[in-house]
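Take a look at the letters that make up each chain.
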Amino acid sequence: MTQKVAVLGTGKIGEALLSGMIRAGWAPADLLVTARRQERADELRTRYGVTPVTNAEAAKTADTLILTVKPQDMGTLLDELAPHVPADRLVVSGAAGIPTSFFEERLAPAPRWSGS
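Please read all numbers here as calculations on a predicted model, not as lab measurements.

Before going further, it helps to examine the packing of aromatic side chains. Counting across every chain of the model gives 1 aromatic pair. When the ring centre of F102 is taken as reference, the NZ or CZ atom of R106 above it lies at 3.7 Å.

The next thing to look at is the environment of A59. Looking at the element boundaries, A59 is found in helix α3 (residues 55-61). Look at A59 and you get buried, because its relative accessible area is 0%. Taking the C-alpha atoms as reference points, A59 and E80, separated by 21 residues in sequence, lie 9.7 Å from one another. The residues touching A59, leaving out its near neighbours within four places in the chain, are L65, L81, H84, V85, P86 and R89.

To continue, consider the pairing of strand β1 (residues 5-8). Of the two faces of β1, the one carrying V5 and V7 and the one carrying A6 and L8 are both buried. Pairing of β1 with strand β2 (residues 31-34), which is carried by 4 bridges, proceeds in the parallel orientation. If you follow V5 over to β2, its bridge partner there is L31.

One number sums up the size of the largest pocket: a volume of about 690 Å³. Forming the boundary of the largest pocket are 25 residues, of which G9, T10, R36, V69 and D73 lie nearest the centre. For the lining of the largest pocket, the per-class residue count stands at 8 nonpolar, 10 polar and 7 charged.

It is worth spelling out the nonpolar core at this point. The biggest cluster of nonpolar side chains holds 20 residues, and the ones touching the most others in it are L8, L65, L67 and M74. Going through the elements one at a time, β1, α3, β4 (64-67) and α4 (74-81) are the ones with two or more residues in this core. For this core, the element with the most residues is α4, which contributes 4 residues. Those residues within four positions of L8 in sequence are excluded, and the remaining contacts are T34, N55, A58, L65, I66, L67, T68, V69, L77 and L81. Core analysis: the next-biggest nonpolar cluster, separate from the first, contains 9 residues, V5, L18, L31 and L44 among them.

Here is what the cut-offs are and how they apply
Residues numbered from 1 in each chain as written. Predicted model: local features only at pLDDT ≥ 70, side-chain atom pairs only at ≥ 80, totals over all residues. Heavy atoms only, no water. Phe/Tyr/Trp six-rings, centres within 6.5 Å; stacked < 30°, edge-to-face > 60°. Lys NZ or Arg CZ within 6 Å of the ring centre and 35° of its normal. Helix = DSSP H or I, 4+ residues; strand = E, 2+ residues; numbered from the N terminus. Buried < 20%, exposed > 50% of the residue type's maximum accessible area, 1.4 Å probe, protein only. Contact = heavy atoms within 4.5 Å. Pairing = 2+ DSSP bridges. 1 Å grid on protein atoms, 1.4 Å probe; cavity = no way out; pocket = protein on both sides within 12 Å on 5 of 7 lines; lining within 4 Å. Points joined across faces, edges and corners; volume = space filled by probe spheres on them. Nonpolar A, V, L, I, M, F, W, Y, C, P; charged D, E, K, R; others polar. Core = buried A, V, L, I, M, F, W, Y, C linked by side-chain atoms within 4.5 Å.

Okay, here's the thing in structure tokens:
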């Protein structure tokens, strides 16, 4: 069974994770990315061969969600994701300083998650 992983927020940290995953052997077909701007999404598709999707598509499709947006943007992202994240999704946060309760309050029923 192939696992799909989505990197939501592909700035410097998100791209570094994406690049590392590909170097570690992940197939680009198993990696989804989200980007605020279409130009950025196109750049990632060209550079890495990954599939850009919307945040909602990522939440519905990927087995694991890696959230790499800036801490000040996390609330907006979680509000957007909440209706689409099933309880069986693993959610990994790369945002420093955000407590577990912040995620639990916004993603109900609470998915499995891993925080920084």
